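One letter stands for each residue in the lines below.
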Amino acid sequence: RGSAPPSIMRRLLSSLAPRAGASAWRVAAPAALVRSLVPRTVKPPLFASSRRWLAASGETVEVPVPAMGDSITEGTVLSLAKKVGDHVALEEVFAEVETDKVTVEIRSPQAGTIKAIHVEVGATVEVGSKFYSLAVGEGE
């Protein structure tokens, strides 16, 4: 967590200062004041932005190698659980990628049929590069 900007801190501290005629310091600012002064940042759940896509049924999308951690930029494909033409369900494990820190299960962002696989087992892949092509909503 970062600290609030100086202007917000000044307003918050001035609201905590004693007022004329007050005999004691206010112990805490009202919750509504704090909420109005401190900007809220809402962070999505881990991996949410890399897994959930909106694509029309039948549309073919290129699925990239997802982010695997803050400092991880590449990994080695250990295994592929599916082949071209196979159906993959939403969040089903498609492959395993090993990095120098962790082994990651790569899951499908949508249900559909695999049209092409752009990597091979043993290949080194970079985060964001093409992983496979998926025809969304096709097959079962």
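This section reports on the structure supplied with the text. Note that the structure is predicted; figures quoted are calculated from it, not measured. Residues take numbers from 1 onward in each chain, read along the sequence in its written order. Totals for whole chains, interfaces and linings use all residues, but because this is a predicted model, local features are given only for residues with pLDDT of at least 70 and pairs of side-chain atoms are given and counted only at 80 or more. Only hydrogens and water are set aside; all other atoms, that is, all heavy atoms of the structure, feed into the side-chain values.

With that settled, consider the pattern of salt bridges. By definition, a salt bridge exists where a carboxyl oxygen of Asp or Glu is found within 4 Å of a side-chain nitrogen of Lys or Arg. Tallied over the entire structure, the rule returns three salt bridges. A salt bridge links Asp86 to Lys83; its shortest N-O distance comes to 3.6 Å. On the basis of relative accessible area, Asp86 is assigned to the partly exposed category, the value being 21%. On the basis of relative accessibility, which here comes to 54%, the residue Lys83 falls in the exposed class. Ionic pairing is found between Arg107 and Glu105, a salt bridge with its closest N-O pair at 2.9 Å. A simple rule labels every residue: compare its accessible area, found with a 1.4 Å probe on the protein chains alone, to the largest value its type can have, and call it buried under 20%, exposed over 50%, or partly exposed in between.

At least two bridges found by DSSP between two strands is the condition for calling them paired. A run of H or I in DSSP counts as a helix once it spans at least four residues, and a run of E counts as a strand once it spans at least two, with each numbered from the N terminus. Strand order in the open sheet made by the four strands is β1-β8-β6-β3, with antiparallel pairing throughout. Two strands close off the open sheet at either side, each with one partner strand: β1 (60-64) and β3 (87-88). When strand β6 (residues 112-117) meets strand β8 (residues 130-136), the two strands line up antiparallel, connected through five bridges. Paired with Gly112 across the strands is Val136, a residue of β8.

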